[in-house]
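Architecture and fold: a report
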Amino acid sequence: MRRLTDIGPRVTGTAENEISAIAELKAMVGSIEQKVNPDYHRLRMDHQIVSGNFELEFGAPLTHQYYDLQNIVVRLSGSERGNSSERFNDAILINCHYDSVPTSPGASDDAVNCAIMLEALDSIVRNRIP
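This section reports on the structure supplied with the text. Quick caveat, the model's predicted, so the values are computed rather than measured.

A few words now on helix 2 (residues 15-33). Compared with the 27 Å implied by 1.5 Å per residue over 19 residues, the 25 Å span of helix 2 between its first and last C-alpha is a close match. Where helix 2 bends most, the angle comes to about 30°, and this point is Ala-21. Turning to helix 2, its buried residues are Asn-17, Glu-18, Ala-21, Ile-22, Leu-25, Met-28, Val-29, Gly-30 and Ile-32.

This part takes up the side chain of Asp-122. Here Asp-122 shows up in helix 3 (residues 107-126). If near-sequence neighbours (up to four positions away) are discounted, Asp-122 is found in contact with Ile-32 and Lys-35.

What follows concerns the pattern of salt bridges. Inspection of every chain in the model, using the stated rule, returns five salt bridges. In this structure, Glu-24 engages Arg-3 in a salt bridge whose closest nitrogen and oxygen atoms are separated by 2.7 Å. Here the residue Glu-24 occupies a position in helix 2, and Arg-3 occupies one in helix 1 (residues 2-5), the gap between them amounting to 21 residues. On the accessibility criterion, Arg-3 (41% relative accessible area) is partly exposed. For Arg-126, the salt bridge is made with Glu-119, and the minimal N-O distance between the two is 3.7 Å. Classification of Arg-126 as partly exposed rests on a relative accessible area of 44%. You can call Glu-119 partly exposed: its relative accessible area is 47%. The structure contains a network of salt bridges with shared partners spanning Lys-35, Glu-119, Asp-122 and Arg-126.

What follows deals with a nonpolar patch on the surface. On the surface, Phe-54, Leu-56, Phe-58 and Leu-62 cluster together into a nonpolar patch covering about 380 Å² of accessible area. Here Leu-56 shows up in strand 1 (residues 41-58).

What follows concerns the nonpolar core. In terms of nonpolar packing, the biggest core is built from 18 residues, with Leu-4, Leu-43 and Tyr-98 touching the most fellow members. Of all the secondary structure elements, the ones that give two or more residues to this core are helix 2, strand 2 (60-81) and helix 3. Those residues in contact with Leu-4 that sit more than four places away from it in its chain are Arg-10, Ala-21, Glu-24, Leu-25, Met-28, Tyr-98, Ala-111 and Cys-114.

About the criteria used
Residues numbered from 1 in each chain as written. Predicted model: local features only at pLDDT ≥ 70, side-chain atom pairs only at ≥ 80, totals over all residues. Heavy atoms only, no water. Helix = DSSP H or I, 4+ residues; strand = E, 2+ residues; numbered from the N terminus. Expected span 1.5 Å × (residues − 1). Bend = angle between axes of the 7 residues up to and from the residue. Buried < 20%, exposed > 50% of the residue type's maximum accessible area, 1.4 Å probe, protein only. Contact = heavy atoms within 4.5 Å. Salt bridge = Lys/Arg side-chain N within 4 Å of Asp/Glu carboxyl O. Patch = residues over 30% accessible without salt bridge, like charges linked within 9 Å, V, L, I, M, F, W, Y side chains within 5 Å. Areas by Shrake-Rupley, 256 points an atom, 1.4 Å probe, with all protein chains shown as cover. Core = buried A, V, L, I, M, F, W, Y, C linked by side-chain atoms within 4.5 Å.

As structure tokens, then:
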């Protein structure tokens, strides 16, 4: 959490959010990835950049658009030993957002949940929980 909050406010579209926070998250996941034992897990990290829109109904339809939103997606799969080949079937999904409002380093919204998610991922990898 401290590594994200030390960046300061991470407002969508700013260098702090789009470059610094992404680099920190990738580094943190990368350090967890180094601990993965391939007999127990596979870890895959993807960096997505997406654009799109969606509608909300507030009496009248309201369309929201977003451009070049970034996601760091991490998939941790557990290993099952088959007869002659190894299969990686089950996976978990954890998510949080890492941006903040302009006046806050975003500790409680939502860096704390990013820290919890990364700690859970690290614990599963270290303890070889299938």
